[in-house]
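Each chain is listed here by its residues.
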Amino acid sequence: MPGQLVSTLMDAYHKLRPWTEIEACECVSVKGLFLVDILSNNPLHCDFCRNEVDPERLQLTVEETESVARWFMAASALYRLWLHSGEYEDYAKACLLDPNGQVNKDGLEVARILSSKIPTRLWFFYDTDDGEPTHCPVCCNPLNTDVKWGTGMCALCRVQM
């Protein structure tokens, strides 16, 4: 049974492992995370260096790792549809922008769960053609613009933009 648990963990971690170590976080300790799709295999990014963080390094459980992978699969599919343009672009954009849509509800839930171990924010989608966001898409309060990455954050809602 212990061997099976180790095998299950390794299989779950593999779903989020990058193919190369080029963009791996090398910070001594990870103090915060972003859940973000930047066209890589791993949506877990250090909030200090913004590089990928291996889920094993974070000691995520199988359930936590699977939750990240499930959210990432849907978010990534929608993001790529939007990038592809064509007939699915408007649909994908609407899904990615909707704070009450399934992909964002799931992402915020994953951020909440992971935050019990390490502060985690969902990097919320916005289209630069629509201008720079100034308010949180969830609570509509002004974003805190004192951020190292992106345009702002809402700590209350666990959102980064």
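In case you missed it, the structure is sitting above this.
In this text the structure is predicted, and so the values were computed from the model without any measurement.

**Section: the overall build of the protein chain**
In step 1: From N to C terminus, the protein chain includes four helices and five strands.
In step 2: Ordered by position in the sequence, the α and β elements of the protein chain form the string α-β-β-α-α-α-β-β-β.
In step 3: Within the protein chain, counting contacts between residues at least 6 apart in sequence, those at least 24 apart form 58% of the total.
In step 4: About 9200 Å² of surface is accessible on the protein chain, with carbon and sulfur atoms providing 55% of the total.

**So, unusual backbone geometry**
In step 1: Non-glycine residue Arg 50 carries a positive phi angle of around 70 degrees.
In step 2: Counting through the fold element by element, Arg 50 comes out in the loop between β2 (44-46) and α2 (62-84).
In step 3: Take Arg 50: its relative accessible area is 31%, and that puts it in the partly exposed class.
In step 4: The phi dihedral of Ser 85 is positive, around 70 degrees, even though this residue is not glycine.
In step 5: Examined against the element boundaries, Ser 85 turns out to sit in the loop between α2 and α3 (89-97).

About the cut-offs
- Residues numbered from 1 in each chain as written.
- Predicted model: local features only at pLDDT ≥ 70, side-chain atom pairs only at ≥ 80, totals over all residues.
- Heavy atoms only, no water.
- Helix = DSSP H or I, 4+ residues; strand = E, 2+ residues; numbered from the N terminus.
- Contact = heavy atoms within 4.5 Å.
- Areas by Shrake-Rupley, 256 points an atom, 1.4 Å probe, with all protein chains shown as cover.
- Buried < 20%, exposed > 50% of the residue type's maximum accessible area, 1.4 Å probe, protein only.

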